[in-house]
Amino acid sequence: VNQVKAADLLRQAASQQLARSREELVFNVSSVFNTILAQRHVIESLAFSRKTLAEHLNRIDALIEAQKAAKVDRMRTEVRLADIEQQLVREKNLLAIQQRTLANLLGLKIFEGKLSPQGELEMRENAPVPNLKIALSTAWDARGDYLAALSSLEAQAKNVDVARSGHWPTLSVQGSYGGRWAAGPTTGTGDKQGDVGRVGLVLEVPIFEGGQVVADIREQQANLAAAQERLRLLELQVRLEIETALLNVESSVERAAAIRKSIAQARESLRIEQLKYNLGKGAIVDVLDAQTALLESETTYYRVLAEYHTATAQLKLAMGAE
């Protein structure tokens, strides 16, 4: 009976581990998906920056012809433009790698460059975030690997009971029935054929196997203690993952709010510096610094948005939620 129960518990554990593998696959796909969306915005920001620098380079040429700017300003702008070009090539290459990673997660054997994820990165206003107590309660009830560890622990407890049953005697019912016949001629009253059968009870007492049974019990008890320790470590890991995910969500929300304000300020700063330079009252270094600040703010903002959605998916994974 204990062997049947243990086998059923192990079947449940395998099913729960399969569910957990599915949840992990969903998280990996979500993470790469959001990263691709953010990477596209980063490339768009770099392309816009390249366009802005090219237009500014044309204005510098006009100012040089009018003897209102120095050639060194053009050289500095060209250096910055070249840096933007190499960044753009690097980010496009990274996007191609991310697309192939997504195709691999989706199980596509051949990648033809047709993957084009569509979605929005913007955060929902006042999105509900569970507190630690609710998140842990959900994880204990729904997380597949934790439930699988519980089932494995119960199955191991049944294996201890199975080992202990070795001290008990075994009662068996045995029976047989068949026919027999003579291979040669018979003499007297002997029959050439007849029916043969028997039935009875067999009692086996493990008198000389006590040491082996005790050793089996100790082995299963050691396995049970190891399973209990694995469950305890998993509980600590679940708590750590949930706390980390909650902190990541909170941090990304605050960072996005701060960077959102800085983007508007960086755009206005760039406009002012360009205007000052066109009027001959500013330096090219100030224009390039303002343009760099705007680019960094935009790229950081989109990456923080991707981190927010990834942290949200990470929280769901840690909770075992759908």
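Please read these numbers as outputs of a predicted model, since none were measured by experiment.

Trainee: What should I look at first to understand the confidence of the model for the protein chain in this one?
Mentor: Close inspection of predicted coordinates is inappropriate for parts of the model with low pLDDT. Chain-level statistics for the protein chain give a pLDDT mean of 88 and a share of 97% at 70 or above. Between the elements of the protein chain, mean pLDDT differs from a low of 87, seen in strand β2 (residues 193–204), to a high of 92, seen in helix α4 (residues 144–164).

Trainee: Can you help me understand the packing of aromatic side chains in this one?
Mentor: The geometry of an aromatic ring pair comes down to the distance between the two centres and the angle between the two planes. Overall, the coordinates contain two aromatic pairs when judged by the stated rule. Note on W140 and Y146: the rings are 4.8 Å apart at their centroids and 45 degrees apart in plane angle, and the pair reads as tilted. Owing to a relative accessible area of 9%, Y146 belongs among the buried residues under this scheme.

Trainee: What is the right way to read the packing of helix α3 (residues 132–142) against α4 from this model?
Mentor: Contact geometry for α3 and α4: axes closest at 6 Å, N-to-C directions at 55 degrees. With respect to α4, the element α3 is oriented oblique. Contact residues: α3 offers W140, D141 and A142, while α4 offers G144, Y146 and L147. Of the residues assigned to the contact of α3 with α4, the class counts are four nonpolar, one polar and one charged.

Trainee: Any chance you could explain the pairing of β2 here in plain terms?
Mentor: The two faces of the sheet receive side chains in turn, since in a regular strand these alternate between them. Among the twelve residues of β2, zero are classified as buried, and the element is accordingly described as predominantly exposed. Pairing geometry for strand β1 (residues 170–181) and β2, over twelve bridges, is antiparallel. Looking at β2, one finds that G179 is bridged to D195.

Trainee: I'm lost on the environment of R232 in this one. Help?
Mentor: Counting through the fold element by element, R232 comes out in helix α5 (residues 210–278). For R232, a relative accessible area of 41% corresponds to the partly exposed category. A C-alpha to C-alpha distance of 48 Å links R232 and V89, two positions 143 residues apart in sequence. Here E229 takes part through its side chain, which lies 2.8 Å from a polar atom of the side chain of R232.

Trainee: What exactly am I supposed to notice about the pattern of salt bridges here?
Mentor: Think of it this way: side chains of opposite charge can pair up when their charged atoms draw near. This structure, assessed with the given rule, holds 19 salt bridges. The partner of R90 in a salt bridge is E91, with the nearest N and O atoms 3.5 Å apart. The closest approach of N and O atoms between K276 and E273, which form a salt bridge, is 3.9 Å. One end of the pair is K276 and the other is E273, both in helix α5 and three residues apart, which spans about a single turn.

Trainee: It is not clear to me how the environment of L275 should be interpreted in this structure. Could you clarify?
Mentor: Summarising the element assignment, L275 is placed in helix α5. On the basis of relative accessible area, L275 is assigned to the partly exposed category, the value being 45%. Along the backbone, L275 and V287 are twelve residues apart, and their C-alpha atoms lie at a distance of 9.3 Å.

Trainee: How do you make sense of α4 when you look at a structure like this?
Mentor: Since one α-helical turn is 3.6 residues long, residues separated by three or four positions face the same way. For α4, built from 21 residues, the straight-helix expectation of 30 Å at 1.5 Å per residue is met to within 8% by its first-to-last C-alpha distance of 30 Å. Those residues of α4 that fall on the buried side of the exposure criterion are G144, D145, Y146, A148, A149, S151, L153, A155, Q156, V160 and A163.

Trainee: Help me out: how do you make sense of a nonpolar patch on the surface in this one?
Mentor: The grouping of L171, V173, V199, L201, L203, V205, I207 and F208 at the surface amounts to a nonpolar patch, some 1000 Å² of accessible area in total. When residues of the nonpolar patch are traced back to their parent elements, those giving at least two are β1 and β2. Of the residues forming the nonpolar patch, the biggest block, three residues, is contributed by β2. On the secondary structure map, I207 appears in the loop between β2 and α5.

Trainee: Is there a simple way to think about the nonpolar core in this case?
Mentor: Most often, soluble globular proteins keep nonpolar side chains buried together rather than apart. Of all hydrophobic cores here, the largest spans 41 residues; its most connected members are L46, A256, Y277, I284, Y301 and L305. Elements with a minimum of two residues in this core: α1 (2–65), α2 (71–105), α5 and α6 (284–319). The biggest single contributor to this core is α6, with 13 residues. With residues near it in sequence (within four places) discarded, L305 still touches L121, E122, M123 and A256. Residues A135, L231, A318 and M319 belong to the second largest nonpolar core, which totals 18 residues.

What counts and what doesn't
Residues numbered from 1 in each chain as written. Predicted model: local features only at pLDDT ≥ 70, side-chain atom pairs only at ≥ 80, totals over all residues. Heavy atoms only, no water. pLDDT = per-residue confidence, 0-100. Helix = DSSP H or I, 4+ residues; strand = E, 2+ residues; numbered from the N terminus. Phe/Tyr/Trp six-rings, centres within 6.5 Å; stacked < 30°, edge-to-face > 60°. Buried < 20%, exposed > 50% of the residue type's maximum accessible area, 1.4 Å probe, protein only. Axes fitted to C-alpha atoms, helices over the stretch in contact; angles between N-to-C directions. Parallel < 35°, antiparallel > 145°, perpendicular 65-115°, else oblique. Contact = heavy atoms within 4.5 Å. Nonpolar A, V, L, I, M, F, W, Y, C, P; charged D, E, K, R; others polar. Pairing = 2+ DSSP bridges. Polar contact = N/O pair within 3.5 Å; in protein donor to acceptor, adjacent residues only side chain to side chain. Salt bridge = Lys/Arg side-chain N within 4 Å of Asp/Glu carboxyl O. Expected span 1.5 Å × (residues − 1). Patch = residues over 30% accessible without salt bridge, like charges linked within 9 Å, V, L, I, M, F, W, Y side chains within 5 Å. Areas by Shrake-Rupley, 256 points an atom, 1.4 Å probe, with all protein chains shown as cover. Core = buried A, V, L, I, M, F, W, Y, C linked by side-chain atoms within 4.5 Å.

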